[in-house]
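Single-letter residue listing:
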Amino acid sequence: MKILVCMKQVPQKDAPLKLNEAGTWIREDVSYEVNEPDAFALEEALRQKEKHGGEVVAITAGPARSQQVLREALAKGADRAIHLEDAGFVGLDALNVARALAAAIKDEQFDLIFTGLQSDDQGYAQTGVVLAELLGWPHATIIMQIERTGDGIRVKRELEAGFFQFVDMPLPAVLTIQSGINKLRYATLIGIKQAKNKPMRKVTMAEVQPALGPNLQKVERLHVPQKTRNTEFLEGAPAEIAKKLVDKLRNEARVL
Amino acid sequence: MADTILVVVEQREGKLNRVSWETIVAGQALARETGWNLEAAVAGNNVSGLASEVAAKAVTKVYAIESPKLATYTPDAFAAALKQFIASSQPKLVLMPHTYQVRDFIPKLATAMGRTVITDCIGFKKEKEILLFTRQMFQGKFAADVTFAGDPPWFVTFQNGAFRADKIESGAAAAPIENVNIEIADAVVRNRPEEAFKEAKQAVDLTQASVIVAVGRGIKEQKNIELAKQLAEALGGEIAASRPICDSGWLPMDRQVGSSGQTVAPQLYLALGISGAIQHLVGMKGARTIIAVNKDSEAPIFEIADYAVVGNLFDIVPPLIEEIKKVKPAS
């Protein structure tokens, strides 16, 4: 099976974020990492390849710094990578990102495309499903298990409140992968070395531009969310904080 | 003709998903703000009963969109049916709850119509005749005001809990119901879903617990779970966790709180090393008192905490257990 894994670079989970001067986006001078659900998507693609053979290709869209997620994917075992390299990809809405990805792979023939179920930065949870529609492929979201059947696949979807569902579907297909579907591997030293010689195809904005349209939604501004509760910060040495907490547990929460 | 807001309610197995009422409340608020008509639709097979439930609310009309192909949910059938209906009825704004089912098909539906959807919104505002929809970004660290830059219909989904279902307005009289039969060709539906099931009987019912001590990534290692268990024990409460902890197998899945786990509302929710991703918050924000300990002062969990401790949980928890034992002897 030939599998494409869509990956995104996002700010590190506990990186302190600041707004840019216009208040329309974050300042980009932060540490980045692979979007966590995308790491599970990559792992699942590698496992499918180990079972059934084939090829795993990682793709991302973003500025030069985002090449790091592809390097990591190659080091973990992806066969090659595609980098849509331009800072302008950061400002695209989900529809345009999916259009750019579709344009970049128009000469390829994948059996499966994986994405993480959503990104830790924008959290639109759209790109995979939009991509499926643009390609005319079936899709399934929030996937916890993938098995090959005769001519298609059988996937386990996570539903809400502890429910699951099996779905049979034909190939090619797009799947959005849930975190926790598998256990992530680490890159080995030899993997990191080999990654340097693996092919990385660069795609410019100009190449995919004809496939794009105007953004249909626009982030006007970002702001610190309004608090719904009055939060009281307890300060002091640990022993003092412990005393204050017990006071709150007794007199406010009334659980002691 | 006046512009229209269409709320598509969610039904599963012939029952309305309760979050649908919240979306109708959102629609009623938007209708007041804009002066637009509010209509509702329910899609499925034999859904006229559900349509009349919705028609009791303050909406001007309810559509029962029906096809045997809608009896079981598939993204192909639901997107095809709603595309046909929306293309002919031409609402300006289409609202749905941000459920796992809706997020499975609404990006497809919007794309098929050459439109976009602003997902997982927590509110809206109107400034100079322009509607802005507020949604969380960066795991809740920021909220973004987002506008539509293209033509209607504009698609919006609202997060579970964004509006209060008990604020719903009933209508003076039942709204008229129109049945809309949709033809969906056999080849359209490609996925073949089986029935939904639960993995195992939930051994622990966290919804009944009055005190919950929950751990997140900040617990660092599996062996440290013991410390949180000791705190839970001292408080006479249950231990719970955010998703990554259960994914790692450090606690069983039935201890998970959040959108994919249990939704709880205890007297006390004590969150240790939980950053507060949206998926976790929706499962516990109904707790009466929330105490959060986290080393990151910007962690979104602090937005909803009553008492916040910025610090290392490994420094705070041991003396806290000692203090609790002083006032509450082990039972």
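Sequence order sets the numbering: in each chain, residues are counted from 1 along the sequence as written. As they are written, the chains are lettered A onward and the ligands numbered 1 onward, keeping that order. For a predicted model such as this one, the threshold for reporting local features is a pLDDT of at least 70, and the threshold for listing and counting side-chain atom pairs is 80 or more; totals across whole chains, interfaces and linings nevertheless cover every residue. Side-chain measures were taken over the full set of non-hydrogen atoms in the model, leaving aside hydrogen atoms and water.

**Points about the overall build of chain A**
- Counting its secondary structure elements, chain A contains seven helices and 13 strands.
- Think of it in three bands: residues with accessible area under 20% of the maximum for their type are buried, residues over 50% are exposed, and the middle band is partly exposed, with areas taken using a 1.4 Å probe on protein chains only. Buried residues in chain A amount to 56% of all 256 residues.
- All accessible areas in this document rest on Shrake-Rupley with a 1.4 Å probe, and a residue is counted as covered only by the protein chains that are shown. Taken as a whole, chain A presents about 11100 Å² of accessible surface, with 50% of it coming from carbon and sulfur.
- Charged residues are defined here as Lys and Arg on the positive side and Asp and Glu on the negative side; His and the ends of the chain fall outside this count. The atoms used to mark charge sites are NZ of Lys, CZ of Arg, CG of Asp and CD of Glu. Taking the 34 positively charged and 34 negatively charged side chains of chain A as two groups, their mean positions are separated by 3 Å. Helix and strand labels come from DSSP, where a helix needs a run of H or I of at least four residues and a strand needs a run of E of at least two; each type is numbered from the N terminus.

**Quick notes on the sheet that holds strand β13 (residues 232-233) of chain A**
- Two strands qualify as a pair provided DSSP detects at least 2 bridges between them. With parallel pairing, six strands are arranged side by side in an open sheet as β13(A)-β18(B)-β17(B)-β16(B)-β14(B)-β15(B). Where the open sheet ends on each side, the last strands, each with one partner, are β13 of chain A together with β15 (238-241) of chain B.
- Direction of pairing for strand β14 (residues 211-215) of chain B relative to strand β16 (residues 268-272) of chain B: parallel, over a ladder of five bridges. Bridge pairing in β16 of chain B places valine 211 of chain B opposite leucine 268 of chain B.
- The contact criterion used is simple: two residues touch if any of their non-hydrogen atoms lie within 4.5 Å. Angles shown run from 0 to 180 degrees and are taken between the N-to-C directions of axes, each axis being a line fitted to C-alpha atoms and, for helices, limited to the stretch in contact. Helix α7 (residues 238-251) of chain A rests against β13 of chain A together with β16, β17 (289-294) and β18 (307-310) of chain B of the sheet, and its axis sits at about 165° to β18 of chain B.
- Sheet strands touched by helix α9 (residues 313-327) of chain B: β16, β17 and β18 of chain B. Its angle to β16 of chain B, the strand with the most contacts, is close to 140°.

**A word on the side chain of threonine 74 of chain B**
- As for its placement among the helices and strands, threonine 74 of chain B is situated in the loop between β5 (61-66) and α3 (75-89).
- With near-sequence residues (within four places) excluded, threonine 74 of chain B lies in contact with Val189, Asn191 and Pro193 of chain B.

**Overview of the interface of chain B and chain A**
- Counting residues at the interface gives 85 residues for chain B, matched by 85 residues for chain A.
- Surface buried jointly by chain B and chain A totals about 7800 Å² across both partners, of which 54% is contributed by carbon and sulfur atoms.
- Accessible area that two parts lose when put together, evaluated with a 1.4 Å probe and summed over both, is termed the buried area. When the buried surface of chain B facing chain A is broken down by residue, Tyr100, Phe138 and Phe142 of chain B rank first, second and third, together holding 10% of it.
- We define a salt bridge as a contact between a side-chain nitrogen of Lys or Arg and a carboxyl oxygen of Asp or Glu at a distance within 4 Å. Remark: the boundary between chain B and chain A carries nine salt bridges.
- Between aspartate 145 of chain B and arginine 221 of chain A there is a salt bridge; the shortest N-O distance is 2.8 Å.

**Structural notes on the domain arrangement of chain B**
Residue and element names in this part refer to chain B.
- Domain start and end points were adopted from an automatic or database domain assignment. Its domain assignment divides chain B into domain 1 (4-188) and domain 2 (206-327).
- The gap between the C-alpha centroids of domain 1 and domain 2 is 34 Å.
- Taken residue by residue, the interface counts nine residues in domain 1 and ten residues in domain 2.
- Taking both sides of the interface into account, the surface hidden between domain 1 and domain 2 amounts to around 740 Å²; carbon and sulfur atoms contribute 54%.
- Looking at the side of domain 1 facing domain 2, the largest losses of area belong to Tyr100, Gln139 and Lys141, adding up to 56% of the total buried there.
- Where domain 1 touches domain 2, the interface holds zero salt bridges.
- Amino acid classes used here: Ala, Val, Leu, Ile, Met, Phe, Trp, Tyr, Cys and Pro are nonpolar; Asp, Glu, Lys and Arg are charged; the rest, including Gly, are polar. Looking at the side of domain 1 that touches domain 2 residue by residue, the class counts come to one nonpolar, six polar and two charged.

**Remarks on the packing of helix α4 (residues 127-135) of chain A against helix α4 (residues 100-112) of chain B**
- Two elements in contact, α4 of chain A and α4 of chain B, have axes whose closest approach is 8 Å; the angle formed by their N-to-C orientations is 45°. Comparing their axes, α4 of chain B and α4 of chain A come out oblique. For the pair α4 of chain A and α4 of chain B, the crossing hand works out as right-handed. The segment α4 of chain A lies against α4 of chain B, with Val129, Val130, Glu133 and Leu134 of chain A engaging Arg103, Asp104, Pro107, Lys108, Thr111 and Ala112 of chain B. Note that the term roughly parallel is reserved for angles under 35 degrees, roughly antiparallel for angles over 145, roughly perpendicular for angles of 65 to 115, and oblique for everything else. Throughout, a crossing is termed right-handed when the near helix is turned clockwise from the far one, and left-handed when it is turned anticlockwise from it by less than a right angle.

**Quick notes on the packing of α7 of chain A against α9 of chain B**
- Contact geometry for α7 of chain A and α9 of chain B: axes closest at 8 Å, N-to-C directions at 50°. It follows that α7 of chain A is oblique to α9 of chain B by the angle criterion. Pair α7 of chain A / α9 of chain B crosses with right-handed handedness. Contacts between α7 of chain A and α9 of chain B involve Pro238, Ala239, Ile241, Ala242, Lys243, Leu245, Val246, Leu249 and Arg250 of chain A from the first element and Asp315, Ile316, Pro319, Leu320, Glu323, Ile324 and Val327 of chain B from the second.
- Taken together, the residues of the contact of α7 of chain A with α9 of chain B break down into twelve nonpolar, no polar and four charged.

**Observations regarding the nonpolar core**
- Counting 52 residues, the largest nonpolar core has Leu222 of chain A together with Leu30, Leu93, Phe133 and Phe158 of chain B as its most contacted members.
- Broken down by element, the residue count for this core peaks at seven residues, all from helix α1 (residues 19-34) of chain B.
- Once residues within four sequence positions are removed from consideration, phenylalanine 133 of chain B is found in contact with Leu30, Leu93, Ile118, Cys121, Gly123, Phe124, Ala144, Asp145, Val146, Phe148, Val156 and Phe158 of chain B. Nonpolar cores are built from buried Ala, Val, Leu, Ile, Met, Phe, Trp, Tyr and Cys residues. Side-chain atoms within 4.5 Å join them into one set.

**Overview of the sheet that holds strand β11 (residues 177-181) of chain B**
- An order of β12(A)-β9(B)-β8(B)-β7(B)-β10(B)-β6(B)-β1(B)-β4(B)-β5(B)-β11(B) is seen for the ten strands of this open sheet, with the pairing classed as mixed. The open sheet has two free edges, formed respectively by β12 (217-223) of chain A together with β11 of chain B, since each of these has just one partner strand. Ignoring which end each strand starts from, the neighbouring axes of this sheet average 35° apart.
- Of the strands in this sheet, β1 (4-9), β4 (37-44), β6 (93-97), β7 (117-127), β8 (130-137) and β10 (154-158) of chain B touch α1 of chain B, which is tilted by about 175° from β1 of chain B.

**Side note on unusual backbone geometry**
- For the bond running from leucine 171 of chain A to proline 172 of chain A, omega is -5°, close enough to zero to count as cis.
- Along the polypeptide, proline 172 of chain A turns up in the loop between β9 (163-170) and β10 (173-177).
- For the peptide bond that leads from proline 152 of chain B to proline 153 of chain B, omega is 5°, which places it in the cis range.
- Among the structural elements, proline 153 of chain B can be located in the loop between β9 (142-148) and β10.
- Positive phi values are uncommon outside glycine, yet lysine 220 of chain B reaches one of about 70°.
- As for its position among the elements, lysine 220 of chain B is in the loop between β14 and α5 (225-235).

**Observations concerning the environment of threonine 4 of chain B**
All names here are of chain B.
- Locating threonine 4 in the fold gives a position in strand β1.
- A residue is classified by how much of its surface remains accessible, and threonine 4, at 8% relative accessible area, is buried.
- Threonine 4 sits 218 residues away from glutamine 222 along the chain, and the two C-alpha atoms are 53 Å apart.
- Setting aside anything within four residues of it in sequence, one finds threonine 4 in contact with Trp36, Asn37, Glu39, Pro91, Lys92 and Leu93.

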